[in-house]
Amino acid sequence: MVQMGIDIGFIYPTYGLWLFAIDQLPAEVIGAFTRAYNTWLSEEFCSYNPDRLKGVGAINLHAPEEMVQELHRIARWGWKAVFLRPNPVKGRILSDPAYEAFWSACEELDIAVGIHEGTHSRLPTTGADRFNSRFALHACSHPTEQMMALLALIEGGVLERHPQLRVGFLESGCGWLPYWLWRLDEEYRNLDWEVKDNVKLMPSEYFRRQCYIAIEPSEPYLPQVIESIGSDNLIFGSDYPHMDHQPDVVRTVVELEGKLSREIVQKLVWDNPRRFYGSFV
C-alpha cells in the first residue's frame, strides 16, 4: 500500500467471490464459510494495521434469516461495508422480500453495500449459457449483472423504501451507466403505471441520491460520463491484486489529472469513497 500510494484499503475477497457463490451448496455450509472468513479478516488479516486495513464483510445470501445477525456482528467490529454478488441466489434476486430485513438493518446501522460480480461462479450469470472462456465471461458478466442488480433494487422498491441505504457497483467500469439510466428513465416515462407502487422517482434520481459506481481509470470517456451523471457518485478502486489492478496508484492519479480536474480526482479517490463507506478516519 505504501508503494502504491494507498492510505486506506477496503478489503474485498478474491476466492470468496467464488466460494460464497456456489448455489448448490447447503445454506448452512455457506454460512460457516462466511462467518469463518469474516472472523479471520477481522482478527487476523486486518489486525495487522486496523487503521489502514478495513474489512468488508461477507453476507450469506443463501440464508436470509441469518443475514441480519451477521450484519450486527460486523457492525460491532466497526466495519462500514459488506459485499454481495449481483446474481440470483437460490432463485432470489436482490429485491426478493426475504432480504427486506437485511436492507432495513443496513440502513439502520449505516453500513454500505458493495455489489461485486465474479466469473465462473456456480450462480446464474449472464453469458454463462453461451460462453466458456474467461475472456468472454469476464467481459459480459461484470457490467450486465451490475445493470440487472441496479434494476432489481429500483424496480423492486428497495431504494424507494430505504432512502438512506448506500449501494456501490464495483469493478465493472462506469461507461454502461449513462446508457442504462437513460434507458430506465425512458421505460419509466412509458410504463410508470406498472411499477408506481415501488418506483416513485425517475430511476436516475435513485442512483444520484444513494448509489456509487467505481470507475476504471483507462475508460476513455470519463469526461463524458461525468458530464452526463456528474462526479459525486464516482469512486476509485485499485482492484489489487487481480490481473487488471492498478499497479501504481500515484501514477494513475497523475494520469487522471491529465484528463480530469484536480477537484474531480480528489472526489474520486477520497471524498466520494469517504461518503460511500462512511467516516473512516
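Up top is the structure these notes are about.
Just so it is clear, the model here is predicted, and its values are computed rather than measured.

About the criteria used
- Residues numbered from 1 in each chain as written.
- Predicted model: local features only at pLDDT ≥ 70, side-chain atom pairs only at ≥ 80, totals over all residues.
- Heavy atoms only, no water.
- Disulfide = S-S within 2.5 Å.
- Buried < 20%, exposed > 50% of the residue type's maximum accessible area, 1.4 Å probe, protein only.
- Salt bridge = Lys/Arg side-chain N within 4 Å of Asp/Glu carboxyl O.
- Helix = DSSP H or I, 4+ residues; strand = E, 2+ residues; numbered from the N terminus.
- Polar contact = N/O pair within 3.5 Å; in protein donor to acceptor, adjacent residues only side chain to side chain.
- Contact = heavy atoms within 4.5 Å.

Chemist: Talk me through the state of the cysteines; I want residue IDs and the actual numbers.
Modeler: Applying the stated criterion to the full structure yields zero disulfides. Note on C46: no disulfide assigned, nearest cysteine sulfur contributed by C106 at a separation of 18 Å. The class for C46 is buried, based on a relative accessible area of 5%. With no disulfide partner, C140 has as its closest neighbouring cysteine sulfur the one in C174, 19 Å distant.

Chemist: Tell me about the pattern of salt bridges, and please be specific about residues and values.
Modeler: One pass over the structure, following the stated rule, counts 10 salt bridges. The salt bridge partner of D129 is R130, with a shortest N-O separation of 3.9 Å. For the pair formed by D129 and R130, the shared burial category is exposed.

Chemist: How would you summarise the side chain of S172 if you had to cite specific residues and measurements?
Modeler: Here S172 is to be found in the loop between β5 (167–170) and α7 (176–195). The exposure class of S172 is buried, given its relative accessible area of 13%. Within polar-contact distance, the side chain of S172 engages the side chain of W176 at 3.2 Å. Ignoring any residue separated from it by four or fewer positions in sequence, one finds S172 in contact with H142, P143 and Q146.

Chemist: Can you break down the environment of Y99 residue by residue, with the values?
Modeler: Considering the arrangement of structural elements, one finds Y99 in the loop between β3 (81–84) and α4 (100–109). Here the alpha-carbon distance between Y99 and V158, two residues 59 residues apart in the chain, equals 9.6 Å. If we ignore the near neighbours within four places in the chain, the residues touching Y99 are L61, P64, M67, V89, R92, I93 and L94.

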